[in-house]
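Each chain, letter by letter, is given below.
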Amino acid sequence: MNPAYKLKIIMLGDFAVGKTSLIRRFVYDEFNDSYLTTIGVKVTRKELDIAGCGKTDLLLWDIAGNDKFTTITPEYIKGASGGIIVADITRKNTVESIAVNAEIIEKYIPDAAVAVALNKIDLSDDSDNNTNLADEIMKKFNLNWNKPVMLTSAKTGRNVENLLLNLAASIIKR
Amino acid sequence: MKDYIRKDISIIQKSIKLESPILRHYIRKHNLSGLDAVILGVLIDLTGQRKTDIRTHYNVIASHAGVSDMEAYHSINSLHRYRIIDTKPVGNFIHISFTDIGETIEEIDLAEQNAKKIKKLESDVSYLKSKKFVPSDELFDIMMPLIGRIIRKKLSEALKDIVNYINSRIESLTSFTLWKYRFQSYRTGIPLAEIVFRNSIPYLIEEVLLIDRKTSVLLAAASWQEHAGTDRDIVAAMLSAVKDFIKTSFNKEKNYLNEISFGDSKILIFESVYFYSAVLIYGHPEEDFFNSLDSFINSIHVKFRQKLKKFKGNMDGLEPMNILISDFINKTNAGIERRPVETSYTRLKVIAAVCAAVIAVTIIIFSIGEIRDYRLEKIILKNIENSLPAYAHDIDADVDGEILTLTGSVNSPQTGDIITKTASAFPEIKNIVNKTVTSDFRMVEKFTEDMSAFENKFKDLELLFIKQELEKIVIEFPSGVSAIGENQTFQIKKIFEILKGYPDIDVDIIAFNDTTGGLDINRRLANDRMNAIKNNLSGLGIDKKKIHITDFNPDVINADHRYRDYKNTRGIILFARRSGN
């Protein structure tokens, strides 16, 4: 059956925050990772069944980390319906970069739905007990963020599917 | 180069270009300079259109071409580097021959004739263009109905020539495919050439993807062959990414990637307002194809533009696009055999079965042949043995069909002749290859004996040397002790160093003792010491089987005057001997 929707979702974040691992957790990977290092992007597909919306294909554009050595090609971002900004909670600078990546999204795809994934939560000691950890982290770094934030773990799979489902649903229901 | 020479060259070049399609072919293929083209033209002329080799001087070619000797020299070297000609200095001359061209002369001639026909039309168009009464930009539209007919006529004439040419070529061919085409021609009434032409030159659309320009999302797709291959959605997205990557990396804002080639296939990319089309094509499409692709893309644009303008991922209403693409592919590929995966697999199985059968039959035929050859070899050798004394030859025979190859030695050329004569009496053998070597058997025998005697003498000397060296070493033990200490270890290592290079030498271990303690105790101690030495030597790498422990007998040492100093001491001596003695 053909999908009712096909959505382009971009994934942004610093080097080694776990973007590729998050994708690998849930999708069948058909292409070699060398695309990431050669042209700076690799696309994978995730099929979802969203209640009330039907079958939806998410085309996940894993964009190589933006740092002083690499610049993101704006063309890869353009046309995306949604974006996920990934940060590694064990590395302070990657959380600080959320604001920079949010600016990039705002500049090229202002209408896109955006979510933040605070990844590698399995490495945090109090992640199980502290329900406000995500907000606390965002506040700690003075990030005024009114969009969804989720604590994720590519290792355990925690919240990864939810992150994608919520983002896709918010795009379709707009 | 001076101007007047340049002018001359240009004139010669023009005249040669017009007259020789082969030269024209070379000039185009290698993008030859004017000077090289002139020299090549002269060479083609001097060799009778490449048919013969020539032996000449550089100055002869230079004078024919109207250039300096040095220019002729450089040009000839340059043509040699292009592998158009092959040059070899022969004394004061230079030998020049033409290397083979991949394309046949007929093909080049035909292309030339067609080019000339088109050239004629070009001059007509130029003439009309020069007339001022029709604006040049409108000329094409006005003239199209008239010129179009002429072009069609000329093209059909050229096509007819090609068909005739192909016909003459293929009639001489024999292959399974050709028979298949012949049958098809007989069944359908279509000329054989046309069928071959259709099947050998066509292009084929393998797949078409329509991709949204904004989102890079795959809008619709269809393939010629159904296959469970790579995910088209991902391919579409990655193709967009590669396209964007090239656009940004090479800073080509206005130009975009429009073709990716791999082998005989290519992806042609056509941009439209809202989407772009990626067409995977096998072969080389003609102008007609691009025209029909244009109309197809246009029809998609017209039908779906409202939907595509607002496209943000909702696939609703885009389904009919897939059917339109399929129709377009089917229409373009009409007449080309579709090969579904299952059929290919079945066909593969049939081919495999046929191959297996062919291999089996070949093996059987080959085996039968081999058995026959083997039997014949035996009979021939038997006949040779019967016709000659045994000492006169030492040969081997190898029969392969009708060919007999003889190898080995014979004692004289006459013996060789007798062997050939004997073998040629067999009617099965049509050709004898005699590779036997004539040698004097008695001389060889004597030489072998001498060598053997020398070898034995050498071995005796070797043994004598080892014996002397070993017998110099006496491994002494303290009273009542059979364990190996530092002193003994050192001596054992010396023995090992002597023995390790001679694996065909055996050693006997002989023990001696003082008379203290009585014979029984001394025998036991002697045995323990001999075993300890044997084990140590074996541990170092000497084969245990080469080390022999002897019965304790003090008289052996007592009788040997070399060891008189060791009377009333305790120790071990090793004696070497040749293996088996």
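Residues numbered from 1 in each chain as written. Chains lettered and ligands numbered in written order. Predicted model: local features only at pLDDT ≥ 70, side-chain atom pairs only at ≥ 80, totals over all residues. Heavy atoms only, no water.

1. Comments concerning the overall build of chain B
Each helix and strand counted, chain B has 18 helices and 16 strands in total. A total of 581 residues make up chain B; the buried ones form 35% of that total. Across chain B, every contact between residues at least 6 apart in sequence was considered, and the portion connecting residues at least 24 apart equals 62%. (Helix = DSSP H or I, 4+ residues; strand = E, 2+ residues; numbered from the N terminus. Buried < 20%, exposed > 50% of the residue type's maximum accessible area, 1.4 Å probe, protein only. Contact = heavy atoms within 4.5 Å.)

2. Description of the interface of chain A and chain B
Contact residues are listed per partner, giving 26 residues for chain A and 26 residues for chain B. With both sides pooled, the region where chain A packs onto chain B buries about 2100 Å², and carbon together with sulfur makes up 62% of that total. Along the contact surface separating chain A from chain B lie two salt bridges. In this structure, aspartate 233 of chain B engages arginine 45 of chain A in a salt bridge whose closest nitrogen and oxygen atoms are separated by 3.6 Å. Among the secondary structure elements, those contributing two or more residues to the side of chain A that touches chain B are strand E1 (5-13), helix H2 (34-38), strand E2 (41-50), strand E3 (54-63) and helix H3 (74-77) of chain A. (Buried area = accessible area lost by both parts, 1.4 Å probe. Salt bridge = Lys/Arg side-chain N within 4 Å of Asp/Glu carboxyl O.)

3. Quick word on the pairing of strand E5 (residues 218-223) of chain B
Burial analysis of E5 of chain B places six of its six residues in the buried class, the great majority of the element. Counting the residues that bridge the hairpin from strand E4 (residues 204-212) of chain B to E5 of chain B gives five residues, and of these serine 216 of chain B lies at a positive phi of roughly 65°. (Pairing = 2+ DSSP bridges.)

4. Structural notes on helix H4 (residues 58-65) of chain B
Residue and element names in this part refer to chain B. Listed in full, the buried residues belonging to H4 are Ile61, Ala62 and Ala65. One face of H4 carries all of its buried residues, which in axial projection span an arc of 100°. Looking one or two places after H4, you find glycine 66, whose phi comes out positive at around 75°. (Arc of directions from axis to C-beta.)

5. Structural notes on the side chain of serine 223 of chain B
Residue and element names in this part refer to chain B. Examined against the element boundaries, serine 223 turns out to sit in strand E5. For serine 223, the side chain forms a polar contact with the side chain of glutamate 207, separated by 3.2 Å. There is a polar contact of 2.4 Å between the side chain of serine 223 and the side chain of arginine 232. (Polar contact = N/O pair within 3.5 Å; in protein donor to acceptor, adjacent residues only side chain to side chain.)

6. Points about the side chain of aspartate 514 of chain B
Residues and elements named next belong to chain B. Mapping aspartate 514 onto the fold places it in the loop between strand E14 (505-512) and helix H17 (519-540). Its relative accessible area of 10% is what places aspartate 514 among the buried residues. A polar contact of 2.4 Å, which involves the side chain of aspartate 514, links it to the side chain of arginine 570. Beyond its immediate sequence surroundings of up to four residues, aspartate 514 is in contact with Asn522, Asn568, Thr569 and Arg570.

7. Considering the packing of helix H3 (residues 34-46) of chain B against helix H5 (residues 69-81) of chain B
Helix-helix packing is described using two parameters, namely the angle between the two axes and the distance between the axes. Residue and element names in this part refer to chain B. Where H3 meets H5, the axes come as close as 9 Å, and the angle between the chain directions of the two elements is 85°. Relative to H5, the element H3 is oriented roughly perpendicular. Contacts from Leu35, Asp36, Ile39, Leu40 and Leu43 in H3 reach Glu71, Ala72, Ser75, Ile76, Ser78 and Leu79 in H5. Residue composition of the contact of H3 with H5, grouped by class: seven nonpolar, two polar and two charged. (Axes fitted to C-alpha atoms, helices over the stretch in contact; angles between N-to-C directions. Parallel < 35°, antiparallel > 145°, perpendicular 65-115°, else oblique. Nonpolar A, V, L, I, M, F, W, Y, C, P; charged D, E, K, R; others polar.)

8. Re the pairing of strand E3 (residues 93-98) of chain B
Residues and elements named next belong to chain B. Of the strand pairs in this sheet, strand E1 (residues 54-56) and E3 are connected by three bridges, and their pairing is antiparallel. Bridge pairing in E3 places threonine 56 opposite isoleucine 94. Strand direction decides the pairing type here: strand E2 (residues 85-90) and E3, joined by six bridges, are antiparallel. Following the sheet pairing, proline 89 is matched in E3 by isoleucine 94.

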